[in-house]
Amino acid sequence: MNRTFQGQLPSKIRALFGRVTEAQWRNWRWQLRHSLAGMEDLSRLLKIPDPDVRRYAELLNEYPFRVTPYFASLIDWDDSRDPLRRQMLPDVREIADRKAESRDPLEENRNSPVSGLIHRYRNRAVALVSERCAVWCRHCTRKNRLRPAESPTPRELRRMAEYVSRHPSIREVIVSGGDPLLLETEALDRLLRAFRRIRHVEVLRIGTRAPVVLPMRVDAGLAAVLESHRPLWLNTQFNHPREITPESARACERLLKAGIPVSSQTVLLKGVNDTANTLADLFNRLQRIMVRPYYLFHCDPVRGTRHLRADLQHGRAIYKALRASQGGLCLPQYVVDMPGRAGKMPVELLAPARMIHHEPRE
Ligand code: SF4
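It should be emphasised that the depicted structure is a prediction, and the values quoted were computed from it without experimental measurement.

**A closer look at the overall build of the protein**
Point 1. Along the backbone of the protein there are 16 helices and 11 strands.
Point 2. Relative to its length of 362 residues, the protein is compact, with a C-alpha radius of gyration of 20 Å against a globular reference of 21 Å.
Point 3. Overall, the C-alpha framework of the protein stretches about 55 × 50 × 45 Å when taken along its three principal axes.
Point 4. Out of the 362 residues in the protein, the part that is buried amounts to 56%.
Point 5. Surface exposure of the protein reaches about 16,300 Å², of which carbon and sulfur atoms provide 49%.

Okay, structure coming up:
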């Protein structure tokens, strides 16, 4: 055992994983194999009172729990206000409002011409190439459709590529999921090549949270494959300054060195980052590691996320303070995603009548 390395891990994580070497810890497959998931692991992280056990079991049945050892090690599991814990820890309020709000507020299903492909905008299409994620974020927009299931079959992927090839208006393919970086590097390479081969596809974009929650996934082999498919842009999601660690900074640097621009699509979350100071700190730190703060998303009105959604007026006040204090490169656009083809709209331009769609209703 590498004692120096063991000493760097919080005691709770040391107790859970025992004799883990640094080489194991830095291996993304080890991280996935040892992810904490399900009721048993949740109870190892924190004490669930006996009367709540049945309710939690019901909750996990609907919205699973999963976190990588790496991301779990950044969390103070004994602090109920820890902003990283709030993103990962199941909350029984997720199933308290089953009738309220929509499972698919952006109407992605309605804009899905073939299984796994979303065509909301004329010149862009989203390919959902993986149903898996390294973690299950409680605020996820797709939390009602993601299941720890198998990835799409080769036939389904072929049908997505065929659809794109039949639509010359599509100039950009956004490869998303789940998390596409959970695919093996060779499978991802094949998939990107299938879209890259289509003459009118000019640009590829990857949406992934791996640099934040599983930074060891960004290894030299992956960076080389992504570099070979340029122009390729990568959007990730940093939500709190504490997520910028030497490991996540290194992952972003590796991508940048491969010529892949990295941007962050931060989600405004109640109790996580809903103060101007926290967001200013986050965006300043992102700028220091050369990651562009691209969007600040107002959390979508997805069923099961209401407890994490900030009040829109509060969001506007935060953004006003940021605008007054931050330079342009530290100021993402604050947007709400509207249903169907309406798309992303700057909150500052949103008419009061349309705000109702995104307001948390208590
Ligand atoms: S990593 Fe992304 S897709 Fe996966 S659960 Fe989190 S927000 Fe959703």
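**Comments concerning helix H14 (residues 276-288)**
Point 1. Helix length check: H14, at 13 residues, gives a terminal C-alpha distance of 18 Å against a target of 18 Å (1.5 Å per residue), a fit within 8%.
Point 2. All buried positions along H14 are accounted for by Thr 278, Leu 279, Ala 280, Leu 282, Phe 283 and Leu 286.
Point 3. At its buried positions, H14 is contacted by strand E8 (262-268), strand E9 (292-298) and helix H15 (312-325).
Point 4. Met 290 sits one or two residues past H14 and shows a positive phi near 70°.

**Notes on the layout of surface pockets**
Point 1. Volume-wise, the largest pocket comes out at about 1,000 Å³.
Point 2. Arg 142, Ser 176, Gln 237, Gln 265 and Phe 297 are, among the 42 residues lining the largest pocket, the residues nearest its centre.
Point 3. The leading source of residues in the lining of the largest pocket is E9, at 4 residues.
Point 4. Of the volumes computed, that of the second largest pocket is approximately 380 Å³.
Point 5. Forming the walls of the second largest pocket are 18 residues, and the residues nearest its centre are Pro 154, Leu 157, Ala 187, Arg 190 and Leu 191.
Point 6. Of all the secondary-structure elements, those providing two or more residues to the lining of the second largest pocket are helix H9 (154-165) and helix H10 (185-196).
Point 7. In terms of residue count, the dominant contributor to the lining of the second largest pocket is H10 (6 residues).

**Some points on the sheet that holds strand E11 (residues 343-346)**
Think of a sheet as strands paired side by side through backbone hydrogen bonds, with each pair either parallel or antiparallel.
Point 1. Ordered by their spatial adjacency, 9 strands build an open sheet running E3-E4-E5-E6-E7-E8-E9-E10-E11, and the pairing between neighbours is mixed. Looking at which strands have only one partner, the edges of the open sheet turn out to be strand E3 (117-121) and E11. Neighbour-to-neighbour, the strand axes of the sheet open up by a mean angle of 30°, direction not taken into account.
Point 2. Taken together, the 3 bridges between E3 and strand E4 (residues 124-130) define a ladder with antiparallel strand orientation. Residue pairing in the sheet places Leu 117 in a bridge with Ala 127 of E4.
Point 3. Each of E8, E9 and strand E10 (333-338) touches H15; the most contacted strand, E10, lies at about 155° to it.

**Quick notes on the domain arrangement of the protein**
Point 1. Split into domains, the protein comes out as domain 1 (3-95) and domain 2 (117-358).
Point 2. A separation of 24 Å is found between the C-alpha centroids of domain 1 and domain 2.
Point 3. On the side of domain 2, 39 residues touch domain 1, which itself brings 32 residues to the contact.
Point 4. Interface area, domain 1 with domain 2, both sides summed: about 2,900 Å², of which 55% is carbon and sulfur.
Point 5. Together, Trp 28, Tyr 70 and Gln 87 form the three largest contributors to the area buried by domain 1 at its contact with domain 2, with a combined 27%.
Point 6. Our enumeration of links across domain 1 and domain 2 arrives at 5 salt bridges.
Point 7. With a closest N to O distance of 2.7 Å, Glu 184 and Arg 29 form a salt bridge.
Point 8. Elements represented by at least two residues in the side of domain 1 that touches domain 2 include exactly helix H4 (28-33), strand E2 (66-67), helix H7 (69-72) and helix H8 (83-88).
Point 9. With 5 residues, H8 is the single largest residue contributor to the side of domain 1 that touches domain 2.

**What to know about unusual backbone geometry**
Point 1. The omega torsion across Gly 177 and Gly 178 is 25°, close enough to zero to call that bond cis.
Point 2. Following the sequence through the fold, Gly 178 ends up in the loop between strand E5 (172-177) and H10.
Point 3. At Met 290, a position not held by glycine, the phi torsion is positive, near 70°.
Point 4. Assignment of secondary structure puts Met 290 in the loop between H14 and E9.
Point 5. Given the relative accessible area of 61%, Met 290 is considered exposed.

**So, the side chain of Glu 243**
Point 1. Along the polypeptide, Glu 243 turns up in the loop between strand E7 (232-236) and helix H13 (246-257).
Point 2. On the basis of relative accessible area, Glu 243 is assigned to the buried category, the value being 0%.

**What about H15?**
Point 1. The end-to-end C-alpha distance of H15 is 20 Å, a good match for the 20 Å that 14 residues give at a rise of 1.5 Å each.
Point 2. Looking at H15, one finds that the buried residues are Leu 312, Gly 315, Ile 318, Tyr 319 and Leu 322. All buried residues of H15 lie within an arc of 115° about the axis, which places them on one face of the element. Seen from the buried face of H15, the exposed residues on the opposite side, beyond 90 degrees, are Lys 320 and Ala 324.

About the criteria used
- Residues numbered from 1 in each chain as written.
- Predicted model: local features only at pLDDT ≥ 70, side-chain atom pairs only at ≥ 80, totals over all residues.
- Heavy atoms only, no water.
- Helix = DSSP H or I, 4+ residues; strand = E, 2+ residues; numbered from the N terminus.
- Rg over C-alpha atoms; globule rule 2.2 N^0.38 Å.
- Buried < 20%, exposed > 50% of the residue type's maximum accessible area, 1.4 Å probe, protein only.
- Areas by Shrake-Rupley, 256 points an atom, 1.4 Å probe, with all protein chains shown as cover.
- Expected span 1.5 Å × (residues − 1).
- Contact = heavy atoms within 4.5 Å.
- 1 Å grid on protein atoms, 1.4 Å probe; cavity = no way out; pocket = protein on both sides within 12 Å on 5 of 7 lines; lining within 4 Å.
- Points joined across faces, edges and corners; volume = space filled by probe spheres on them.
- Pairing = 2+ DSSP bridges.
- Axes fitted to C-alpha atoms, helices over the stretch in contact; angles between N-to-C directions.
- Domains from an automatic or database assignment.
- Buried area = accessible area lost by both parts, 1.4 Å probe.
- Salt bridge = Lys/Arg side-chain N within 4 Å of Asp/Glu carboxyl O.
- Arc of directions from axis to C-beta.

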